[in-house]
Amino acid sequence: MASSLWSACHERARCEELNLSEAYNGIDELMRVVMRIANQFEAWACAHVNFDETTDVWPYLLEDKFGATCIDAVGLTALASFGDRDCLRVAMRLQLPVILDDQLPVPVDVSAPNPEPNSPFRMYRIQTVRDSDDGDVVVYNFGSEPFDDEFSEPFFGLYGIYEDGIVEHIADRDTYLEALSLAKKIAPGIEFQSR
């Protein structure tokens, strides 16, 4: 992981014509920053990523994508300030299966067939959304910035989906478990797949 970030730093610096030694008070300092980020992300991932749901081989994924993704998320000259929030940013950009946690704004988008045959809804969907500053409700997904001041904290919308694909909003809940509980009250026996 550190080698991926180290290589990405040099490649990006060459493209941007940036002197890394000047940007980080010497190459040794950049190396310390890179090692700290690699260790921090690995520890964070061990606590927050469901490795049973990953389809990639972890070391290969990190070697291939971590460095460039990290720089894209934080910026080449801001790596020294990399923190836990940035770990989530990188994990989302890598589309890692982050464990749902009420302390982290993790995107969710799950659907399940309706077990009730006489209902007009063929499926139900739980999806993270958030309010924008201009009052619109917008989808919060893995392409979104998790800590954007122009949006509210994410919450969970429950939707019914008709046979023709039209989606109807049913309710909003603060947590995934509350949205799931409501869905199970509306459609007993419903089973949502993992997000």
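The coordinates are above.
To start, this report covers the structure provided alongside it. This structure is a prediction, so every number in the text was calculated from the model and none was measured.

A few words now on the pattern of salt bridges. In the structure shown here, the tally under the stated rule is six salt bridges. Here Arg 12 ties to Asp 72 by a salt bridge, and the two come within 2.9 Å at their closest N and O atoms. Taken together, the residues span a long stretch of sequence, with Arg 12 in helix α1 (residues 2–16) and Asp 72 in helix α4 (residues 58–74) at a distance of 60 residues. Classification of Arg 12 by relative accessible area gives partly exposed; the value is 23%. Arg 122 serves as the salt-bridge partner of Glu 163, at 3.6 Å between the closest nitrogen and oxygen. Residue Glu 163 is found in the loop between β4 (155–162) and β5 (167–173), and its partner Arg 122 is found in strand β2 (residues 121–131); the two are separated by 41 residues along the sequence. Relative accessible area serves as the criterion here: at 66%, Glu 163 is assigned to the exposed category.

What follows is about α1. The terminal C-alpha atoms of α1, which comprises 15 residues, lie 21 Å apart, in line with the 21 Å expected from a rise of 1.5 Å per residue. Every buried residue belonging to α1 is among Ala 2, Ser 4, Leu 5, Ala 8, Cys 9 and Ala 13, and all of these are buried. With its buried residues spanning 155 degrees around the axis, α1 presents them on a single face. Of the exposed residues in α1, those oriented more than 90 degrees away from the buried face are Arg 14 and Cys 15. Contacts from the buried residues of α1 go to α2 (20–23), α3 (27–48) and α4.

Cut-offs and rules
Residues numbered from 1 in each chain as written. Predicted model: local features only at pLDDT ≥ 70, side-chain atom pairs only at ≥ 80, totals over all residues. Heavy atoms only, no water. Salt bridge = Lys/Arg side-chain N within 4 Å of Asp/Glu carboxyl O. Helix = DSSP H or I, 4+ residues; strand = E, 2+ residues; numbered from the N terminus. Buried < 20%, exposed > 50% of the residue type's maximum accessible area, 1.4 Å probe, protein only. Expected span 1.5 Å × (residues − 1). Arc of directions from axis to C-beta. Contact = heavy atoms within 4.5 Å.

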